[in-house]
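Coordinates in review
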Amino acid sequence: MILLALFERAALMLMVLFFLGRTRLFKNVLWKGRLSGLELAFLSALFSGFAVGGTYMGIPVEGALVNVRTIAIMSGGILFGPWVGIPAGIISGLHRFLIDIHGPSATACLISSICAGLLSTVIHYRGRRRWLWLTGSLAGMACECLTMLLILLLAPVGVGSAIVAEIAWPMIIGSMCTGMIIKRIQDIEDEKELTAAHEAKLALVIANRTLPFFQNVQDDTLAKVCGVIHECLEADAVAITDRDHVLAYVGIGHEYYDEKKHKHLSELTADAIRNDRITVDNNLHRYPAADFRSVAIVPLRENGLVTGTLKIFFSKPDMITDSLRELGVGLSQLISTQMELSRVKVLREMAAKAEFRALQSKINPHFLFNALNAISSLVRLRPDEARQVIAKLADYLRHNLSLSDGMIDIQDELRQVHDYVAIEQARFGPKLTVTFDVDDVNVEIPSLSLQPLVENAILHGIQSQPKPGEVHIAVKRLADRVNVTIRDTGKGIDPEVIEAVANGQAVRDRIGLMNVNERLKLLHGQGLTIRRLEPGTSVSFDLPLENKEAA
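Described below are features of the structure shown in this document. (Residues numbered from 1 in each chain as written. Predicted model: local features only at pLDDT ≥ 70, side-chain atom pairs only at ≥ 80, totals over all residues. Heavy atoms only, no water.)

**What about unusual backbone geometry?**
Trans peptide bonds make up the majority, and among non-glycine residues the majority have a negative phi. Formally: Labels follow the DSSP assignment, with helices taken as runs of H or I lasting at least four residues and strands as runs of E lasting at least two, numbered in each case from the N terminus. Here's how the labels work: a residue is buried when its accessible area is under 20% of the maximum for its type, exposed when over 50%, partly exposed in between, all with a 1.4 Å probe on protein chains only.
Between glutamate 534 and proline 535 the backbone carries a cis peptide bond, its omega angle lying at 0°. With respect to the helices and strands, proline 535 occurs in the loop between strand S13 (529-532) and strand S14 (537-544). In this structure, glutamate 234 is a non-glycine residue whose phi angle is positive, near 55°. Residue position: glutamate 234 is located in the loop between helix H10 (221-233) and strand S3 (237-242). Residue glutamate 234 is classed as exposed on the basis of its relative accessible area of 67%. Positive phi outside glycine occurs at aspartate 276, with the angle close to 50°. Note that aspartate 276 resides in the loop between helix H12 (267-275) and strand S5 (279-281). Assessed through its relative accessible area of 35%, aspartate 276 is described here as partly exposed.

As structure tokens, then:
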């Protein structure tokens, strides 16, 4: 019966700890890596109270008290160190001594309580966390054995042995509950890791689901992102704003923001942006869109500057926990990064288009000037050939003007190259020979990719040498790809130019070569392969075969 009563009192302590473990304050204290002085004082007072309360709830037996004081001392000291275990041992030991100064077990309980505080401190620093519950149980039993020994030594003869005979085994066996207390508090501490793992998984799910939206930014992209967060967090509403307006809103009260006049920011949001701080309000009394009671407002940053906010709403109070707050911070960083990357992508595409247009505008006047000179010479000597060249020039210019900065079938690109080569052969005469070796393939290629390479071979390879030369254009279908090679027998490219093109550096008279190289790398991850030959230069690249073509 004594042992059963002892277990009941230990169970009562466990119940108190269980309910404390549900409170945010107690969880935050347990989840912190390093405790402040105030937090240690709180825990010291808590476990000292358990120890003193254990004495008051003790069961009188032969002038002694069967109690759970040692369980409280050992648990507090093992879990939280000397600033909890030693004060709990001293306070509860002195209390036990003072309420029964002349009692037969008072001095023994004082000494054993202080020893329990010291022993728990040693275990706190030396024990392995995994086995603290077992070590605590054994240490609690050892402290109770010490108490029994001290009672035998310090109590009057006969009285001490009677007390020990009555309470020894219940007290020693009951002290095993120390391990249960330790395990319960460790479980609360472990909830932080489980919560962090859940948050990491949730953040990964949100990242995977929202990433495709940022690959192709449209007007409703942010609304889709809000929708994913709203669903995954089970929030009542989610919003994304810039510095002045609500950009996207999903959830309760969305109809409020459907009207343009309600796109302005609340004072709470404006203050978060102005002061660059995370704002959490778990007792919100009034909000324009709906009757929300909890809100988290997390700033979005780009290049170190606040550009907007992510807002998470709940209709119930106290819904923004510390873990949800940290998750909100992670999501804001994710959104900020993706928005910044999407802007960089847009700027890069705009730059590529500008470079493409610059390349087009450079080619047309330069080539037109040379072609007209060739035609003017042919008109007097070979008028029929001049008419053919004029027709080729018209086809070439018509095709060039209709080009976009997208993809084009390689056969269409080759038709433009044929027109270009015909004009250049009319210009150079027998000095230039161009041969084609083209397989019947239909793959997509970035427009204006072949002609700049052929032009480079003619102007920098053949034209720059006094003797005749040849340009060979090959498009060969291989097992899993199409290989395109333009080879000339000219003087050969300088190694410095090869290195500059590979590094993406601008070369004054090789803008076409660099442009094609960069666009191929952007599309396929690999640019041009440029080799100096003896004699001449080889420029090649591979194109992946599409499924239908590979079949």
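**Concerning the side chain of serine 105**
Stated formally: Whenever two N or O atoms come within 3.5 Å, that pair is a polar contact, provided that in protein one can donate a hydrogen and the other can accept it, and provided that, for residues adjacent in sequence, both atoms are side-chain atoms. A contact between two residues is defined here by any heavy atoms of the two lying within 4.5 Å.
With respect to the element layout, serine 105 can be found in the loop between helix H5 (82-98) and helix H6 (106-126). Since its relative accessible area comes to 1%, serine 105 is described here as buried. A polar atom in the side chain of serine 105 sits 2.8 Å from the side chain of arginine 96. Apart from the residues lying within four places of it in its own chain, the contact partners of serine 105 are Gly63, Ala64, Arg96 and Ile151.

**Looking at the packing of helix H4 (residues 69-80) against helix H7 (residues 132-154)**
The condition is simple: The convention used is that axes are lines fitted to C-alpha atoms, helices contributing only their stretch in contact, and that angles between N-to-C directions extend from 0 to 180 degrees. When an angle is under 35 degrees it counts as roughly parallel; over 145 it counts as roughly antiparallel; between 65 and 115 it counts as roughly perpendicular; any other value is oblique. The crossing is said to be left-handed when, going from far helix to near helix, the turn is anticlockwise and less than a right angle, and right-handed when the turn is clockwise.
Interhelical geometry of H4 versus H7 gives an angle of 140° and a closest axis separation of 10 Å. With respect to H7, the element H4 is oriented oblique. Handedness of the H4/H7 crossing: right-handed. Of H7, the residues touching H4 (which contributes Thr70, Met74 and Ile78) are Leu132, Gly136, Ala139, Gly140, Cys143 and Glu144.

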